[in-house]
Amino acid sequence: MTLRELLDAIRLRWYVTGVIALITLAAGWKVDHPPHYFQATSVLLLVPPKAPDAPNSLAAVTPSIAQTGVLVDSVLNDPSSVGPLRKAGVTGDFSLAPRNNGTVQTPYYTVPSEQLTVSSGDPDAAVASVTVLAAQYSQELDDLQARAGVRSADRITTQLLVPPTATPVKGSKTRGLIGTAAVGAIAL
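I will try to describe carefully the structure that is included in this document. (Residues numbered from 1 in each chain as written. Predicted model: local features only at pLDDT ≥ 70, side-chain atom pairs only at ≥ 80, totals over all residues. Heavy atoms only, no water.)

1. Some details on the nonpolar core
Grouped together as the largest cluster of nonpolar side chains are 20 residues, with contacts concentrated most on F94, L96, L116, L133 and Y137. Of all the elements in the fold, those that place two or more residues in this core are β1 (38–47), α3 (63–77), β2 (93–98), β3 (113–120) and α5 (123–147). If one sorts the elements of this core by residue count, α5 sits on top with seven residues. Apart from residues lying up to four places away in sequence, L133 is in contact with L85, V90, F94, S95, L96, L116, T117 and V118. (Core = buried A, V, L, I, M, F, W, Y, C linked by side-chain atoms within 4.5 Å. Buried < 20%, exposed > 50% of the residue type's maximum accessible area, 1.4 Å probe, protein only. Helix = DSSP H or I, 4+ residues; strand = E, 2+ residues; numbered from the N terminus. Contact = heavy atoms within 4.5 Å.)

See below:
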């Protein structure tokens, strides 16, 4: 097919070209005017109990404490926990994950900490949700140790390492518009 034949086909099917162009323009406008989206993040430190011979409780940090944090993550990330978390006040998409604080020279996850993240359209709701999520994490950690029969004085506790803050999530409008234009051009 030559260029002349292609242009003649497009001219004869102008209504199809017009519909595709309108759809492409509408999609481009949506990409250029995205909804506001925020992500709130907080970091909890898992603190082992103080030993009488070690006044610095972080000196006794072991990988097993980080594994305990991962166990709490798996409990709260389970689909059966979503309902109680929603009832407690967690809105939006949320995630709990161990925070990697290691380097090439030291092992990963040497200081057990958890990163809690909530995404929402409202920054205040995201911060409030991450605060509730942190409280639920601490409660689940305490309940887990109570079910295991750990004495209160010997339990792992949490400490707020990074307070919750919300930041806007922004994508690249230019890439989105180029992608929309490319899809529209291919559809023609």
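2. Examining the side chain of D73
Mapped onto the elements, D73 comes out in helix α3. When sequence neighbours within four positions are dropped, the list of residues in contact with D73 reads L96, A97, P98, E114 and Y137.

3. With respect to the pattern of salt bridges
Under the counting rule described, the total for this entry stands at two salt bridges. The closest approach of N and O atoms between R147 and E140, which form a salt bridge, is 3.2 Å. Looking at R147, the relative accessible area reads 58%, which means it is exposed. Classification of E140 by relative accessible area gives buried; the value is 16%. With a shortest N-O distance of 3.0 Å, D142 and R155 are connected by a salt bridge. Here the residue D142 occupies a position in helix α5, and R155 occupies one in the loop between α5 and β4 (157–168), the gap between them amounting to 13 residues. The class for D142 is partly exposed, based on a relative accessible area of 32%. We classify R155 as buried; its relative accessible area is 16%. (Salt bridge = Lys/Arg side-chain N within 4 Å of Asp/Glu carboxyl O.)

4. Notes on the packing of helix α2 (residues 14–32) against helix α6 (residues 173–187)
Following both chains from N to C, one finds α2 and α6 inclined at 170°, their axes separated by 9 Å at the closest point. With respect to their mutual orientation, α2 and α6 come out roughly antiparallel. Seen from α2, the contacting residues are I20, T24, A27, G28, V31 and D32; seen from α6, they are K173, G176, L177, T180, A181, G184 and A187. By residue class, the composition of the contact of α2 with α6 is six nonpolar, five polar and two charged. (Axes fitted to C-alpha atoms, helices over the stretch in contact; angles between N-to-C directions. Parallel < 35°, antiparallel > 145°, perpendicular 65-115°, else oblique. Nonpolar A, V, L, I, M, F, W, Y, C, P; charged D, E, K, R; others polar.)

5. Brief notes about the pairing of β1
The buried fraction of β1 amounts to eight of the 10 residues, a majority that puts the element mostly inside the structure. Both β1 and β3 contribute to a ladder of eight bridges, which runs antiparallel. Pairing of A40 across the sheet is with V118, part of β3. As defined by bridge partners, β1 adjoins β4 across nine bridges and the pair is classed as antiparallel. Paired with Q39 across the bridge in β4 is T167. (Pairing = 2+ DSSP bridges.)

6. Here we look at the packing of helix α1 (residues 3–12) against α2
Between α1 and α2, the least distance of the axes is 5 Å, while the angle of their chain directions is 80°. Put simply, α1 runs roughly perpendicular to α2. Residue-level inspection shows I10, R11 and L12 of α1 in contact with α2, the latter providing W14, Y15 and T17. Partitioned by chemical class, the residues of the contact of α1 with α2 number four nonpolar, one polar and one charged.

7. Some details on the sheet that holds β4
With respect to topology, four strands assemble into an open sheet ordered β2-β3-β1-β4, the strand pairing being antiparallel. Every interior strand has two partners, whereas the edge strands, β2 and β4, have only one. In this sheet, adjacent strand axes meet at a mean angle of 15° when their direction is disregarded. Strands β1, β2, β3 and β4 of the sheet are contacted by α5, whose axis makes an angle of about 145° with β3.

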